[in-house]
Amino acid sequence: MKNMKNGTQKDRKPLSLFLFAPADVKRLPSLFLLALAVSSTLMVDLNAARFIGGALIAAVLLFILYRDIMRYKPSYIHNYHMLLLLGLMIVSTLVIGRVFDYLLQNLSRGIGSIAVDTAVYGIPIAAGAMLVTLLFDFHTAITFSFAISLLTGYWLSDPLYPLYTFVGSLTAAFSVIRCKKRSALLRGGFYVAGINVLIALIILVTKGDLELGKMLSSVVFAVFAGVSVTALVSVLLPILEYVFKITTDISLLELLDLNQPLMKTLMITAPGTYHHSVIVGSLVEAAAEAVGVNPLMGRVSSYYHDIGKIKMAEYFVENQGGAPSKHDKLTPHMSSMIIANHVKEGVELARQYKLPPVIIDIIKQHHGSALITYFYQKAKEQDQERISNMEDYKYPGPKPQTRVAALVMMADAVEASSRVLTDPTPARISALVDKIINHIFLDGQLDECELTLKDISEIKKRFIYILTGIFHRRIDYPGFDFGDGDISKESAKGEKAKPAEDKKGPRQGAAIARSFAH
C-alpha cells in the first residue's frame, strides 16, 4: 500500500496539470523523431508540404498517446523495451497497411472487374490494436486505435475511413481482452470480418455508392481484412513475445501445464510443496478476480512461487511426511538460513528454466522482508542472555511491489497456517485468515503495493470461502473405525455379502482418512 496505510489513495492532480509537464521536454525529441518516421510512411508522393503536415499531425496524435500513457499506465514510461515496442507497433502497423494497400490495388487492377477504390477495405489495420491489447493492455489499445485511425484517414485522404479502422480496431481489441488460447485469435478475426463488412456497407450507403459490384467487392475485401488480422497476429505475436520478453495470457496458460519439466520435478521431489502451491493458486485466483488483477497470472505465479524448495525439500515440514525434522540437529540461525534460501534458489531455477521476469519478481517478493518467527523465537529461548539479531532471521525481500505478489504472500501464509487447525470450522477459519492477514498488514509488508483496505476485505472473504470449501465436513462411514486404521473382520465379511458397487466404501474411507492425516 504505497503511502496509504488508511487504505485511501493520494489525491489526484487536476487534469490541467497533465496537459504538459517539464519532464516532457526531455522526451519531445524522441516523439518528434517517431512522428517523422510515421510521416514518411504516410507520404503518397515526394511532397514536402504533405510530409511536414503529416509530421505535425503525427506529433500531435503521438503526444496525446504519450500523455494518456503517463496518466493511466506510467509504468510503461520507465520501461524502455515497452516504449520501443509501442513505437515499433505504430510504424509497423502503418507500413503493413501501405504494403497491403499496394498489393490489393494492383490485384484489383490486374483482375479488372473489381473496383480499385474498394481495396482499402482489405487493409488489416486492426491487427495493430489486437497486438497492443495482447502485449500491453486494452486501455492502451483504445488510444492506439484512435491515433492510427486518424493517421490512416490522413494517408488515404478519406474522412470516413477512420471510422472503418477505428471500429474494426476496437472489435479486435475487445475480442482478445481475456485471450486464453491461440484459437481465440481466429475467433477475433471472424468478429473483425463481420464488423468490417457492416461498416464498409454503411460507408458505401453514406457515399451513395450503391452499385452491386462495388458492394460485393467491398464485402470480399472486408472479410479478407479480418482473416489477415488473424494470420498476422498469429505469426507476429510469438516473435514479439520472445524478442521483448513479454508475458501474455497465452504464454501463461502454457506455463500452467503440469507437464512442464519444472512442475513435474516439484511434484516428484517435493509433493507437499506441490500440493500447497496448487491450493495457494486457487486462493490467489479467487482473490485476484475480486480485486481486479489478472487471475491467470495469480494462479501461475502461485504454482511456481516455492520451486526453490526442490533443492532441499526434506528441510520443509510439508515434505517430511512424519519423519524426524532435520532442523533438530541444526542451530536456529542455520535453519533460518536454509528456509530463507529457498527464495534465492527459486529465482535461480526460474532463470534456468526461462520463466517470465514477472514470475521471477513474484518469487523474490512472496515473503517480503518477513521474520522467520519460529526459529527466531527458538534462538531467543536458547540464548536468554543475548538477544539474537532480528535481521539475521528475516527474508531478504523486497516487499511485494504488485498486487499479485501481495496476494501470493497472503495466500501462502494463510494456507500454511490453516494446516495447524485441529477442528477447521468456518468460524476458526475466518479468525485464522483475519489474524494472518492483519499481521502481514501491520508488519508493513503491503506498504509498497497498491492494495486498499477495501481490497483486503474482499481478499479475506474469498480466502475464507475457498478454505471453508477445502476443509468441508464428511459424515462417518458406518462400520469403519478410521481412528486407529484397523477395520474389523466382521465388517470385511459383511462387505463380501454386499453388491459389487457397494465395495467402494473402504477405499473412499481410506482416502478420507489419509486426507485428514495430512
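To be clear, the structure that these remarks concern was listed above.
1. Description of the layout of surface pockets
Working step 1: In this structure, the second largest pocket encloses a volume near 1,600 Å³.
Working step 2: If you go around the second largest pocket, you meet 46 residues; those closest to its centre are Val317, Glu318, Tyr395, Ala416 and Ser417.
Working step 3: Counting only elements with at least two residues in the lining of the second largest pocket, the list comes to helix H11 (271-291), helix H13 (332-352), helix H15 (373-382), helix H16 (403-418) and helix H17 (426-442).
Working step 4: By residue number, the principal contributor to the lining of the second largest pocket is H16, which donates six residues.

2. Quick word on the pattern of salt bridges
Working step 1: For the structure shown, the criterion picks out eleven salt bridges.
Working step 2: A salt bridge links lysine 311 to glutamate 345, with the shortest nitrogen-to-oxygen separation between them at 3.1 Å. Of this pair, lysine 311 sits in the loop between helix H12 (295-304) and H13 while glutamate 345 sits in helix H13, and the two are 34 residues apart along the sequence.
Working step 3: Through salt bridges with shared partners, a single ionic network connects Asp117, Asp209 and Lys214.

3. A look at the side chain of glutamate 415
Working step 1: Along the chain, glutamate 415 falls in helix H16.
Working step 2: Glutamate 415 sits in the buried class, given a relative accessible area of 2%.
Working step 3: A polar contact of 2.5 Å, which involves the side chain of glutamate 415, links it to the side chain of histidine 276.
Working step 4: If we ignore the near neighbours within four places in the chain, the residues touching glutamate 415 are His276, Ile279, Val280 and Leu283.

4. Comments concerning a nonpolar patch on the surface
Working step 1: On the surface, Val60, Ile64, Phe146 and Leu150 cluster together to form a nonpolar patch covering roughly 320 Å² of accessible area.
Working step 2: Listed by contribution, the elements that provide at least two residues to the nonpolar patch are helix H2 (48-72) and helix H5 (138-156).
Working step 3: Position of isoleucine 64 among the secondary structure elements: in helix H2.

5. Quick look at the environment of isoleucine 123
Working step 1: Within the element layout of this structure, isoleucine 123 appears in the loop between helix H3 (80-111) and helix H4 (126-135).
Working step 2: When the C-alpha atoms of isoleucine 123 and alanine 225 are compared, they prove to be 5.6 Å apart, with 102 residues separating the residues in sequence.
Working step 3: Each residue touching isoleucine 123, except ones within four places of it in the same chain, is listed here: Gly97, Phe100, Asp101, Leu104, Trp155, Tyr161 and Ala225.

6. Thoughts on the nonpolar core
Working step 1: Counting 63 residues, the largest nonpolar core has Tyr164 and Val233 as its most contacted members.
Working step 2: Of all the secondary structure elements, the ones that give two or more residues to this core are helix H1 (24-42), H2, H3, H4, H5, helix H6 (161-175), helix H7 (183-207) and helix H8 (212-244).
Working step 3: At nine residues, H8 tops the list of elements feeding residues into this core.
Working step 4: Setting aside residues no more than four positions away along its own chain, tyrosine 164 makes contact with Val120, Tyr121, Asn196, Ile199, Ala200, Ile203, Ala222 and Ala225.
Working step 5: Residues Ile362, Leu432, Val433 and Leu451 belong to the second largest nonpolar core, which totals 58 residues.

7. Structural notes on empty space enclosed by the protein
Working step 1: Under the counting rule described, the total for this entry stands at two cavities of 30 Å³ or more.
Working step 2: Computed from the structure, the largest cavity encloses a volume of approximately 60 Å³.
Working step 3: If you go around the largest cavity, the residues you meet are Ile123, Pro124, Ile125, Ala126, Tyr164, Thr165, Gly168, Ser169, Val192, Asn196, Ala225 and Val229.
Working step 4: Mapped by element, the contributors of at least two residues to the lining of the largest cavity are H6, H7 and H8.
Working step 5: Class assignment of the residues belonging to the lining of the largest cavity gives a composition of eight nonpolar, four polar and no charged.
Working step 6: In this structure, the second largest cavity spans a volume of roughly 40 Å³.
Working step 7: Considering the residues around the second largest cavity, the lining is formed by Gly308, Lys311, Met312, Phe316, Ile338, Asn341, His342 and Glu345.

Conventions used here
- Residues numbered from 1 in each chain as written.
- Predicted model: local features only at pLDDT ≥ 70, side-chain atom pairs only at ≥ 80, totals over all residues.
- Heavy atoms only, no water.
- 1 Å grid on protein atoms, 1.4 Å probe; cavity = no way out; pocket = protein on both sides within 12 Å on 5 of 7 lines; lining within 4 Å.
- Points joined across faces, edges and corners; volume = space filled by probe spheres on them.
- Helix = DSSP H or I, 4+ residues; strand = E, 2+ residues; numbered from the N terminus.
- Salt bridge = Lys/Arg side-chain N within 4 Å of Asp/Glu carboxyl O.
- Buried < 20%, exposed > 50% of the residue type's maximum accessible area, 1.4 Å probe, protein only.
- Polar contact = N/O pair within 3.5 Å; in protein donor to acceptor, adjacent residues only side chain to side chain.
- Contact = heavy atoms within 4.5 Å.
- Patch = residues over 30% accessible without salt bridge, like charges linked within 9 Å, V, L, I, M, F, W, Y side chains within 5 Å.
- Areas by Shrake-Rupley, 256 points an atom, 1.4 Å probe, with all protein chains shown as cover.
- Core = buried A, V, L, I, M, F, W, Y, C linked by side-chain atoms within 4.5 Å.
- Nonpolar A, V, L, I, M, F, W, Y, C, P; charged D, E, K, R; others polar.

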